[in-house]
Amino acid sequence: MKERRVKANAWDYNDRFSYADNRIKTSKYNIFTFLPINLFEQFQRVANAYFSVLLILQLIPEISSLSWFTTIVPLVFVLVITAVKDATDDYFRYKSDQQVNNRQSQVLIRGSLQNEKWMNVRVGDIIKLENNQFVAADILLLCSSEPYGLCYVETAELDGETNLKVRQALTVTSDLGDISKLMDFDGEVICEPPNNKLDRFTGTLYWKGNKYPLDNEKMLLRGCVLRNTEWCFGMVIFAGSQTKLMQNCGRTKLKRTSIDKLMNTLVLWIFAFLICMGVVLAIGHTIWETYVGTNFRVFLPWDTFQISAVFSGFLTFWSYIIILNTVVPISLYVSVEVLRLGHSYFINWDRKMYHSPMGTAAEARTTTLNEELGQVEFIFSDKTGTLTQNIMVFSKCSINGQMYGMDRLKKKTACVDFSFNPLCDRRFKFFDSSLVEAIKMEDPAVQEFFRLLALCHTVMPEEKSEGNLVYQAQSPDEGALVTAARNFGFVFRARTPETVTLCEMGRTVTYQLLAILDFNNVRKRMSVIVRSPEGQIKLYSKGADTIIFERLDPSSENLMYTTSEHLSEFAGEGLRTLALAYKDLDEDYFKVWMKRLLFASTVIENREDQLAVLYDEIELGMKLLGATAIEDKLQEGVPETIACLNLADIKIWVLTGDKLETAMNIGYSCNMLRDDMNEVFVISGHSLQDVRLEENSGVIHFHCLSSFLRSAKEHILGLSRVSSAGHVEKTDAFADDSVFEEAIIAEYALVINGHSLAHVLEPQLEHILLDLACLCKTVICCRVTPMQKAQVVELVKRHKRAVTLAIGDGANDVSMIKTAHIGVGISGQEGMQAVLASDYSFAQFRYLQRLLLVHGRWSYFRMCNFLGYFFYKNFAFTLVHFWYGFFCGFSAQTVYDQWFITLFNIVYTSLPVLAMGLFDQDVNDQNSLRYPSLYKPGQQNLLFNKRQFFLCTLQGMATSFLLFFIPYGAFPLMVKEDGSPFSDQQAFAVTIATSLVIVVSVQIGLDTHYWTAVNHLFIWGSLMVYFAILFAMQSDGLFGIFPSSFPFIGTARNCLSEKSVWLVVLLTTVVCVMPGLVVRFLRVDLFPTLTDKVRRLQQSRKKQGPQEQNLRRVRRTSSRRSAYAFSHQQGFGELITSGKNIRRSTVSSLCSPERIAQSHSSSWIENMLKRKNEVSCASPESEGGAPKSVKGTVCMDPTDQAQF
Amino acid sequence: MFRVSVLQTTDVIPSKEKSRCGRVGGVSRSEKMVKQESESANRPDNTAFTQQRLPAWQPILSAGIVIPGFVLIGLAFIGIGVALLVTSRSIQVLELDYTGDGNGSPCSSCSQSTTVNCKCSLNFTLDTLFQGPVFFYYGLSNYFQNYRRYGASKDDNQLYGDLSYFTSPSSSCSPYDYDGSKNPIVPCGSIANSMFNDTFTLTRTVSGKTDSVPLDGKGIAWWTDYNVKYRNPSVTPLKNAFNGTVKPIDWAKPAYELDTSDASNNGFVNQDFLVWMRRAALPNFRKLYRRIDASGDYQNGLPAGNYTIDITYNYPVRVFNGAKKVVFSNVSWMGGKNEFLGIAYLVIGSLCVVMSVVMLIVYAKFKFPDEE
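Because the structure is a prediction, the values reported are computed rather than measured. (Residues numbered from 1 in each chain as written. Chains lettered and ligands numbered in written order. Predicted model: local features only at pLDDT ≥ 70, side-chain atom pairs only at ≥ 80, totals over all residues. Heavy atoms only, no water.)

A.B. asks: Residue-level account of empty space enclosed by the protein, with values.
C.D. replies: All names here are of chain A. Counted under the stated rule, the structure contains 15 cavities of 30 Å³ or more. As a volume, the largest cavity reaches approximately 150 Å³. Together, 15 residues line the largest cavity, and Thr70, Pro74, Asn325, Thr326 and Ile330 are the ones closest to its centre. For the lining of the largest cavity, the elements supplying multiple residues, two or more each, are helix H4 (69–101) and helix H28 (898–908). Residue composition of the lining of the largest cavity, by class: nine nonpolar, six polar and no charged. Of the domains in this structure, domain 2 (31–99) and domain 3 (258–342 + 854–1087) are the two that each give at least three residues to the lining of the largest cavity. Taken as a whole, the second largest cavity spans an internal volume of roughly 120 Å³. (1 Å grid on protein atoms, 1.4 Å probe; cavity = no way out; pocket = protein on both sides within 12 Å on 5 of 7 lines; lining within 4 Å. Points joined across faces, edges and corners; volume = space filled by probe spheres on them. Helix = DSSP H or I, 4+ residues; strand = E, 2+ residues; numbered from the N terminus. Nonpolar A, V, L, I, M, F, W, Y, C, P; charged D, E, K, R; others polar. Domains from an automatic or database assignment.)

Written as structure tokens, this is what we have:
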């Protein structure tokens, strides 16, 4: 570990270390290096290497059974296509690099600020950043426009979190605010060498003989955006490729689909088969040579170099390897890539996955996984932002026993008109005008209710222009409540550390803020103590109903019952509830209490506990005001999607960082949990303390947990046994033991929290967990860390051999998105990190249905058909040589013309099968969605597996057998009508080639379910092209130019003008195709699959004309009482009361011209990140460590970390 | 670490969205980037192609098509099979082996000796007219003209009359490219070298009088071979073109003397040479030797009578267990006698019909339930 030394304003000094400059280069090539490097990379691929070895073999004349061009033409074709693709990719990388490198930055050079390009910024430079600018390099914050050298950054590009983070300069540097002072700054930073840890930085600043420790809180990292800060100065510590952002741009390992793996295995098998054939033929050759060939030497000229029959056999082996190499078709890999690319485009183009409000189309970010979308068995979904919109809406309330707010389902009533309030938020909607009436009537309870909402919170207001208020709330719940109060005429306008200014029904009122009794997990409530202008001291409190109800004054008892009823009702609708209460405080009592509070907040030991006791004391005997109900808005169509995916046998597990209550609540509203479920196992109750306790007695705990899991499993199995036993009595059809997992009629759900999960994921227990979880219909894991999400995915991936899909939207989902076979990012509210790490992205959870059931299913279906046909085709094509070997002395004589071998795969047969692979649809998209069971064959790997492969190669072999032996039978005595024989090798070649092309074309025609114009064009076109090329290659003209390259001159003319040849072709075609047709017909008739049935149905529907579709509607039934879920963090109150985050000027210059430039510029980082596909996610473990309390910043409850 | 959920000002998200959508599968960014001007430009085009709604024909293997189809194909095949078989049966073929294996066979003495131009003759009798036109073939069996190195051993450029390849034949001809004293061989290669060199004359004996049957050797090779693929160099006399070259080792005379009587049948365009150079696909083959000139008595073919074939026996086949034959045959619309095709058609046709019956039974029994 070499330390890094950087001195400010000292180029000469810094130059000695040769640090990286700020130019970034993500492009791999330049014009001169492209060819060698790209070719080198390409030849590292096994397939390409294999074909180049073949090429070399072909150059040995003793072996060469085929001209060099038969291999080099396809190889060059493949290489060129890949090279072009790489080159375009790299060009775009280069463009975006250029764009970033040429960005302007203000650098302090020789006493003045000068505009420099980013790439010219050097380590040790002092640069100035303005609001909303991207940070050009990793810089040490020196000073800013804000007090205390604070500045705010958004780190969405780095870790996906869109909330603002505070950075604070060292006190000694924070007053360097003008240029002359900065010029004289000559501090030297000694720090750690470049690394990729986004959340850690250690260094020391040496300045004026003093040492100042530096940490991450003083660094602005490249990729961040400066927010809410007019300007700041910083010193460049790391530049260009040494910045943390760039250090994080590693490569992720390539995800491969199961088909890919299968394909590789099969190619190996084929390769083995190829070698077997080679050996058989080589042995055959040796034998032939020994018994026949030696006698035939009169006419054959080999004795000059062929020493023995064995050596000759050895050479023949290689010759046959060359000839038969087409069983491993070089075009297979290219074609598969092309298909996947096409399928990706279809996903990108799908308007039904386009979200118009956001203008976001679905995007296939990787083009290698499409067919796996058709095989998904497990979906791991994040909750917030994925299932829900992460938008909280104030939807109902109960004030003083009176309920306001309309049922969401009856939205007929008009939206409440808030025009009386000039400060209202226009996006806010409420559906009960009686509440506005009550406000206007100046009902004291209602007023107090909203006053509480306007006062009791930790929201920061920002008034960009007069009346244009923007709230920065730490949780969306709070924002919703304050916004509601705002619209009902209690506008929270401004705050200072000591005051809160409201605009109550148009009247500005300033409250003195005496104390904030902050929220924490144990208290589950927060309170504020304010002094009204009239001098009254009041405590306003809001919190979980159970907690608040305990602390009410007895006088509120009746109200409590009514409110409680209302709360149940709210909960039944899946709303998140809060109870509100207030208390008038006696001036003297408060003074005493305040003193004690001040004292308590200065003690060092047990401060938290002492504070908590004090808080508890004052929050007693409150009067109930009412309750609020916030709707955690589900994304559109979530329950329907989940129901549909369930029907497709896809198991959906929800993994969320949220609380148990919230998670279960959403579970109910998504219809994943239902009241009619037999049992919902909840493994939880392990608050932090519990877990500690259990950890002390680890064995017992384990024992308990495992026995619980076991008993739960027994319970399920036991019940199902009973119920299935009942069935067995009635119908003897089933053997009673085999019904276990399949016949579980009863429905179970498992809810498990992170703490329990941590233990259950131990190797001893994970199997039981998995068994249990797979028996349950619904699994919800809550309070899990990002790492645990990945572990759960890994667990299923490892033990279930199933394709997993993870879907999420936040930085905390990145690990699971990367772990799962397929990662889907929701391009939603939170940052873009999930999207960057994902393989597919779209805006709404409900598109998942279409992605899997339509695109995935089609892709899988197409890919399977494609592969089946491709192998068939190549076996049929190549094995003819094998059969011919027995009749030509195993001499590696090719059956076909060399040009035909060259062009067969890339010209004659490539397009029809590509068209099939791109456009084929067995069932249209509506029916795919309508019959989710159609998805099941993919999960069971039915369409292409080793058996299918075996069958299609068998068919290929049979076809090649017939292709050879029918002409063989017909040919020896065949003569033309003028008596001249044409049983010659060339006529034989043309006849077989023609039969082959026709047979495979007919076969592709039969395999094509969906004949679009393109399919017609390609199939008929390929046939025509075959004949056109055939005649062109065998024309007089070409022969005249290159006699030795086109020795087949005239064969086509002589051969295809014969009736008997056509009779052979017709016979071959029918014989090759007929058995397959019969088998297929009988299979469809005797054992129709669901696909066949739906196809039939679709056909008959089409005749009847389109029918109205009745979409599934999922009724939500839940009477469950939801608990309060406060997605809150502790400690915000301290920041407010300390006043550090209060601005001197609230209106900042937001409309600076940089904004426009910046809105374009966000792309480079995305491009870069996406390309590299690796974005570090700040390690969840390190974040979720022990609660740290840093003076001046905020302490955070670790368990709240994973909330978003 | 300070956490504030920022209520996004609306101008931040769209800019991200725009650029995010600029990437399509990593390739066609350019195309999409152009479209980033407005939000709605991100909306995918509503075309039948992009939405995968191309109008299409979706055939289903329904019983209504498959079963009648099979019946029709089956019947057609049976028809063709019968026709082929009948035609094939009508073709007359006379095959005579003259290898001379057994002691009794007429050419056995020649087959033992190594004398050049050993003579022997075969006799045969026709009881009825051998319907014309009659073709006279020679047949070889167990002869591997399709052996790869044999087949590659020729020089197409040389045979195309390119003089530069006369002096330096292609290496593919090796070892028949140069003779022992490094003189180039023309035509080079083992195919040419192994040219069939037995000759036949056919005579008919009618009432004691011997009458030679006129044989026509013109046009027995493919038109394209004769006119395009093989060419003599345009040097007169032809002999001069071969200056500095030697004849193939096993040939009795150089190429320019193959038919001195007819310039258009000499050198590389000699019909017998062309027929030989078109190498057979399989080890048992026939090549056309002559056709019986349909003139005079032979207007309608070979009339009944006693015939003698006088053979100049040169070509060694016994070393590799080969056999030599002479064959007389006439042809029909579908070429020569070939029972294989007819039988195959009959068999396949019957199979089709049988299968259609099977399918019909299955279909009737397990009718696909339409409603479900």
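A.B. asks: Can you tell me about the sheet that holds strand E20 (residues 490–495) of chain A, naming the residues and giving the values?
C.D. replies: Residues and elements named next belong to chain A. If you trace the nine strands from one edge of the open sheet to the other, you get E17-E16-E26-E25-E24-E23-E22-E21-E20, paired in antiparallel fashion. Each of the sheet's edge strands pairs with one partner strand only, and the pair in question is strand E17 (402–404) and E20. Ignoring which end each strand starts from, the neighbouring axes of this sheet average 30 degrees apart. By the bridge criterion, three bridges tie strand E16 (residues 388–399) to E17 in an arrangement that is antiparallel. Bridge assignment links Cys397 to a residue of E17, and that residue is Tyr404. Against the sheet, helix H12 (residues 444–455) engages E16, E17, E20, strand E21 (499–504), strand E22 (507–517), strand E23 (525–531), strand E24 (537–543), strand E25 (575–585) and strand E26 (623–634), with an angle of about 150 degrees to E16. (Pairing = 2+ DSSP bridges. Axes fitted to C-alpha atoms, helices over the stretch in contact; angles between N-to-C directions. Contact = heavy atoms within 4.5 Å.)

A.B. asks: Describe the domain arrangement of chain A, and please don't skip the residues or the numbers.
C.D. replies: Residue and element names in this part refer to chain A. Per the domain assignment, the segments making up chain A are domain 1 (4–22 + 121–249), domain 2 (31–99), domain 3 (258–342 + 854–1087), domain 4 (370–385 + 636–686 + 746–838) and domain 5 (392–631). Computed from C-alpha atoms alone, the centre-to-centre distance between domain 4 and domain 5 is 34 Å. Taken together, the contacts link four residues of domain 4 with five residues of domain 5. Summed over both sides, the interface between domain 4 and domain 5 buries roughly 360 Å², with carbon and sulfur atoms accounting for 33% of that surface. Ranking the residues of domain 4 by area buried against domain 5 places Lys659, Thr662 and Asn665 at the top, with a combined share of 70%. Scanning the region where domain 4 abuts domain 5 turns up zero salt bridges. The tally of links between domain 4 and domain 5 comes to zero residue pairs in polar contact (both at pLDDT 80 or more). When grouped by side-chain class, the residues that make up the side of domain 4 that touches domain 5 number no nonpolar, two polar and two charged. (Buried area = accessible area lost by both parts, 1.4 Å probe. Salt bridge = Lys/Arg side-chain N within 4 Å of Asp/Glu carboxyl O. Polar contact = N/O pair within 3.5 Å; in protein donor to acceptor, adjacent residues only side chain to side chain.)

A.B. asks: Just give me the short version of the packing of aromatic side chains, but keep the residues and values in it.
C.D. replies: The description of two aromatic rings rests on the distance between their centres and on the angle between their planes. This structure, assessed with the given rule, holds 98 aromatic pairs over all chains. A ring pair is formed by A:Trp288 and B:Tyr147, whose centres lie 5.4 Å apart and whose planes are at 20 degrees; its orientation type is stacked. Of this pair, A:Trp288 sits in helix H8 (residues 258–291) while B:Tyr147 is found in the loop between strand E5 (134–141) and helix H5 (148–152), placing the two residues in two different chains. Overall, A:Trp288 belongs to the buried group, its relative accessible area being 8%. Arranged with centres 5.3 Å apart and planes meeting at 90 degrees, the rings of A:Phe430 and A:Phe488 form a pair that is edge-to-face. Here the residue A:Phe430 occupies a position in the loop between E17 and helix H11 (433–440), and A:Phe488 occupies one in the loop between helix H13 (476–487) and E20, the gap between them amounting to 58 residues. Accessibility expressed as a relative area gives 1% for A:Phe430, which makes it buried. (Phe/Tyr/Trp six-rings, centres within 6.5 Å; stacked < 30°, edge-to-face > 60°. Buried < 20%, exposed > 50% of the residue type's maximum accessible area, 1.4 Å probe, protein only.)

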